[in-house]
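Survey of secondary and tertiary structure
Below are the chains, spelled out letter by letter.
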Amino acid sequence: MSPLASTYVLPPASSESSSSQETQSAAQGSARRPAPGSSTAAAAGVRHTPRVLSIAGSDPSGGAGIQADLKSIAALGGYGMAAITALTAQNTRGVRDVHVPPAGFLRQQLDAISDDITIDAVKIGMLGNAEVIDTVRSWLEKVRPAVVVLDPVMVATSGDRLLEESAEAALRTLLPLADLITPNLAELAILVAAPRAHSWATALEQGKRLAAATGATILVKGGHLDGGACPDALVNAGGLLSRPVVEVAGDRIPTRNSHGTGCSLSSAMATAQARLGDWEASLREVKPWLAGALQASGLLEVGSGSGPINHFHHFHQPEAGGKPVGGAPVPAESAAGDPAAQSAAAELTGEDFAATLRRAAAPDLDAIYRLEFIRGLAAGTLVEDQFAYYLAQDAIYLNGYSRALARASALAPTEAAQLFWARSAQQCLEVESELHRTWLSTRTVERILGPVTKSYVDHLLAASASGSYAVLVAAVLPCFWLYAEVGQTLHAQFLAAGAPEAHPYAEWLRTYADEDFAQATREAIAMAGEPGSKASADEQAAMLQAFRHSCRFELDFFDAPRLHA
Ligand SMILES: Nc1ncnc2c1ncn2[C@@H]1O[C@H](COP(=O)(O)OP(=O)(O)OP(=O)(O)O)[C@@H](O)[C@H]1O
Ligand SMILES: Cc1ncc(CO)c(N)n1
């Protein structure tokens, strides 16, 4: 994210500072429906790791139901819980049998959870029969979770029934207790007592009717439409959304592995909503994740029918030798106890360490290139307010980053390293001022500390406070490295397109071509590789973790304008 490149490109700065303008953004909460008088709802706020309960059936083949929900919740950063409504005997080819245990035992499961644990979001899937529905309804009325997503599962992808036909009326009584309902086209038609929609316009019309009848927001899904497009839309005319219909476009991915997409989507939405407090932002986060999971589904090689999606496609696959090459950020403090990180780090020697870091960065770098923001910046289609948000956040970020670099200078073992980090810290502040004086001076954009900027800077400041020079330089490195690589690629693309003057971001793209910054990046890599080669296995593991965190934040920073601008 951070145009430290501009550190070396833009002229030295004026001395104006933005720090007085930095205030923490308020959590978004407009789309949440709090339940008055409920201790659970009162305790619920947007949470970094939301506690998400799936009330659904089991799919032993792992692609749908509870199993898909737990994977999706984890993939979206939540803590997953599961109360099982029904057992199915199914695989990727179809459902062989269904067993619904006594509803009284489901109630015991639900009470055991809610008596002890604050539930930030609930996803409801397969219910089986009317007795189960009644049980879930009375529990919801008692507990009133802050976020309820209802996937009105009736028929599996394979065509097998998962809800007794006689229970459809009971299911309707559950709908008003949901915040979000996620029917597929067949289920939507049943719920509004109309023929199945074959056009997107009809589907949206039916979504509006269901929203009006239930008061809930409807997620109308285009998965079963014909044609190359696969749109989804949030529908609610009651003022809970920024517009009555918020459509998120998507291409249809050519795959037969769609087993469990509906389950995965609904539990991912519940998790994202508990974290973001905004349905539109949640769908904009979940839809690309789901598309990636469909795209990477073939890698799993599970079953001969409609296979499962690859929920953890955005996490890193082990190399053939079993050595992890990356992964979701793990808290730095747990690195010493993380055997995978330790074994990855333990074998490292000398110059290998920088190479290991580079491999660990690869998946996040790939994901950066797929971001709407980066593609829009390259193509010139990025909307101006997203660019302005990015610039404003970058200025705020650079102020914090400069402090981390100054700390690296203070801890540096050699005078050369001390000088390098001190110079970088100073240049960062100069760029911050220059951003205000030039790029930001003509734009009206809020200068408030965004959530990703805050998390990234907090991570760097935590690394600064760790006392380990090696860990700190690993944490500051991705800002050089990933930014330099992305900048070079975008600049090369810009040149390949003939450096069109009419490109709205031509001036910015040109700042990426900076040999001084490329040189500084090479120095920074060497400065992190050197202590890395001498570090103990524990410290190498901690470095790797700190580095991975920052890589992930680089990705999130580029994606933040889409979510928060
Ligand atoms: N081939 C595809 N390409 C891209 N997105 C898809 C594809 N198929 C489904 N989706 C997406 O998956 C999600 C689930 O949609 P779908 O309409 O298939 O639900 P469903 O029928 O309830 O799912 P399930 O197959 O689990 O029963 C939606 O976000 C939809 O846009
Ligand atoms: C358990 C279960 N729930 C939902 C679905 C719908 O995909 C399924 N196939 N199995």
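First, a word on scope: everything that follows refers to the structure included in this document. Keep in mind that this is a model prediction, so the values were computed, not measured.

**Observations concerning the overall build of the protein chain**
The helix and strand inventory of the protein chain stands at 20 helices and 9 strands. Burial analysis of the protein chain (565 residues in total) assigns 56% to the buried set.

**Details of helix α8 (residues 200–214)**
Here α8 spans 21 Å end to end across 15 residues, near enough to the 21 Å set by a 1.5 Å rise per residue. Every buried residue belonging to α8 is among W200, A203, L204, Q206, G207, L210, A211 and T214, and all of these are buried. Mapping the buried residues of α8 onto a view down its axis gives an arc of 160°, with all of them on the same face. In this structure, α8 carries A201, A212 and A213 as exposed residues pointing more than 90 degrees from its buried face. Looking at the buried residues of α8, the elements they touch are β6 (180–181), α7 (185–191), β7 (217–221), β8 (232–235) and β9 (245–248). G215 sits one or two positions beyond α8 and adopts a positive phi of about 80°.

**So, the layout of surface pockets**
The rolling of a water-molecule-sized probe over the atoms marks out the regions of remaining empty space. Put simply, the second largest pocket is a space of about 150 Å³. Considering the residues around the second largest pocket, the lining is formed by P413, T414, A416, A417, Y469, M527, E530, P531 and K534. Of all elements in the fold, only α15 (415–437) and α19 (515–534) reach the threshold of two or more residues within the lining of the second largest pocket. In terms of residues, the lining of the second largest pocket owes the most to one element, α19, which gives 4 residues. Looking at the lining of the second largest pocket residue by residue, the classes come out as 6 nonpolar, 1 polar and 2 charged.

**With respect to the site of ligand 1**
Taken together, 18 residues lie around ligand 1, and K221, H224, D232, I253 and G262 are the ones closest in. At 3.3 Å from an oxygen atom of ligand 1 is found a main-chain nitrogen or oxygen belonging to G223. Between S258 and ligand 1, the recorded distance is 3.2 Å, taken from a backbone N or O atom to an oxygen atom. Elements that contribute at least two residues to the shell around ligand 1 include exactly α9 (261–276) and α10 (279–295). Looking at the shell around ligand 1, its residues break down into 5 nonpolar, 8 polar and 5 charged.

**Regarding the site of ligand 2**
Looking at ligand 2, the residues that line it are G57, S58, A64, G65, Q90, M126, V153, A156, L162 and C263. Separating a nitrogen atom of ligand 2 from a side-chain N or O atom of Q90 is a distance of 2.8 Å. Contact with the protein chains removes 94% of the 290 Å² of surface that ligand 2 exposes when unbound. When its residues are assigned to classes, the shell around ligand 2 shows 6 nonpolar, 4 polar and no charged.

**Here we look at the sheet that holds β7**
If you walk across this open sheet you meet the 9 strands as β3-β2-β1-β4-β5-β6-β7-β8-β9, and the pairing is mixed. A strand with exactly one partner marks an edge of an open sheet, and here the two such strands are β3 (94–99) and β9. In this sheet, strand β4 (residues 121–124) lies alongside strand β1 (residues 51–58) in parallel orientation, the contact comprising 4 bridges. Looking at the pairing, I55 lines up with I124 of β4. Across the sheet, helix α4 (residues 103–114) lies against β1 and β2 (79–91), angled at about 160° from β2, the strand it touches most.

**A short note on the side chain of T521**
Looking at where T521 falls in the secondary structure, it is placed in helix α19. Ignoring anything within four residues of it in the chain, the contact list for T521 reads F480, W481 and A484.

**Some details on the packing of helix α12 (residues 352–370) against helix α20 (residues 537–564)**
As a packed pair, α12 and α20 sit with axes 9 Å apart at the nearest point and diverge in direction by 25°. By the angle between their axes, α12 is roughly parallel relative to α20. Where α12 crosses over α20, the two elements pack in a sense that is right-handed. Here F353, T356, L357, A360, A361, D364, A367 and I368 of α12 lie close against α20, whose contacting residues are Q540, M543, L544, F547, R548, C551, R552, E554, L555 and F558. Class assignment for the residues of the contact of α12 with α20 results in 12 nonpolar, 2 polar and 4 charged.

**Comments concerning helix α16 (residues 451–465)**
For α16, built from 15 residues, the straight-helix expectation of 21 Å at 1.5 Å per residue is met to within 8% by its first-to-last C-alpha distance of 21 Å. Check the buried side of α16 and you find it contacts α14 (384–411), α17 (469–496) and α20. Of the residues flanking the end of α16, it is G467, one or two places downstream, whose phi is positive at about 85°.

**As for the nonpolar core**
Counting 83 residues, the largest nonpolar core has L377, Y401, W421 and W508 as its most contacted members. It is α17 that provides the largest number of residues to this core, a total of 18 residues.

**Quick word on the environment of G307**
Within the element layout of this structure, G307 appears in the loop between α10 and α11 (339–346). A relative accessible area of 1% means that G307 is categorised as buried. Note: C-alpha distance between G307 and G62 (245 residues apart in sequence) is 9.7 Å. Not counting the four nearest positions on each side in its chain, G307 is found in contact with T92, R256, N257, S258, H259 and V302.

**Section: the packing of aromatic side chains**
Taken as a whole, this structure holds 20 aromatic pairs when the rule is applied. Relative to W508, the ring of F387 lies with its centre 5.5 Å away and its plane at 80°, an arrangement referred to as edge-to-face. Highlighted residues: F387 in helix α14 and W508 in helix α18 (residues 506–511), separated in sequence by 121 residues. The same class applies to F387 and to W508, which are both buried. Measuring from centroid to centroid gives 5.9 Å for Y390 and F558, while their planes differ by 15°, and the two rings are stacked. Taken together, the residues span a long stretch of sequence, with Y390 in helix α14 and F558 in helix α20 at a distance of 168 residues. Here the two residues Y390 and F558 agree in accessibility, since each one is buried. The structure contains a cluster of three or more aromatic residues connected by ring pairs, namely F373, F387, Y390, Y397, Y401, W439, Y456, Y505, W508, F553, F557 and F558.

**Thoughts on the pattern of salt bridges**
Between side chains of opposite charge, a pair can form as their charged atoms come close. Tallied over the full model, the rule gives 18 salt bridges. The partner of R437 in a salt bridge is E434, and the shortest N-O contact between them spans 2.8 Å. You can see R437 and its partner E434 sitting in helix α15, 3 residues apart, about one turn around the helix. A single network of salt bridges, built from pairs that share partners, joins R107, D111 and K142.

What counts and what doesn't
Residues numbered from 1 in each chain as written. Chains lettered and ligands numbered in written order. Predicted model: local features only at pLDDT ≥ 70, side-chain atom pairs only at ≥ 80, totals over all residues. Heavy atoms only, no water. Helix = DSSP H or I, 4+ residues; strand = E, 2+ residues; numbered from the N terminus. Buried < 20%, exposed > 50% of the residue type's maximum accessible area, 1.4 Å probe, protein only. Expected span 1.5 Å × (residues − 1). Arc of directions from axis to C-beta. Contact = heavy atoms within 4.5 Å. 1 Å grid on protein atoms, 1.4 Å probe; cavity = no way out; pocket = protein on both sides within 12 Å on 5 of 7 lines; lining within 4 Å. Points joined across faces, edges and corners; volume = space filled by probe spheres on them. Nonpolar A, V, L, I, M, F, W, Y, C, P; charged D, E, K, R; others polar. Near = heavy atom within 4 Å. Polar contact = N/O pair within 3.5 Å; in protein donor to acceptor, adjacent residues only side chain to side chain. Areas by Shrake-Rupley, 256 points an atom, 1.4 Å probe, with all protein chains shown as cover. Pairing = 2+ DSSP bridges. Axes fitted to C-alpha atoms, helices over the stretch in contact; angles between N-to-C directions. Parallel < 35°, antiparallel > 145°, perpendicular 65-115°, else oblique. Left-handed = near helix turned anticlockwise from the far one by under 90°. Core = buried A, V, L, I, M, F, W, Y, C linked by side-chain atoms within 4.5 Å. Phe/Tyr/Trp six-rings, centres within 6.5 Å; stacked < 30°, edge-to-face > 60°. Salt bridge = Lys/Arg side-chain N within 4 Å of Asp/Glu carboxyl O.

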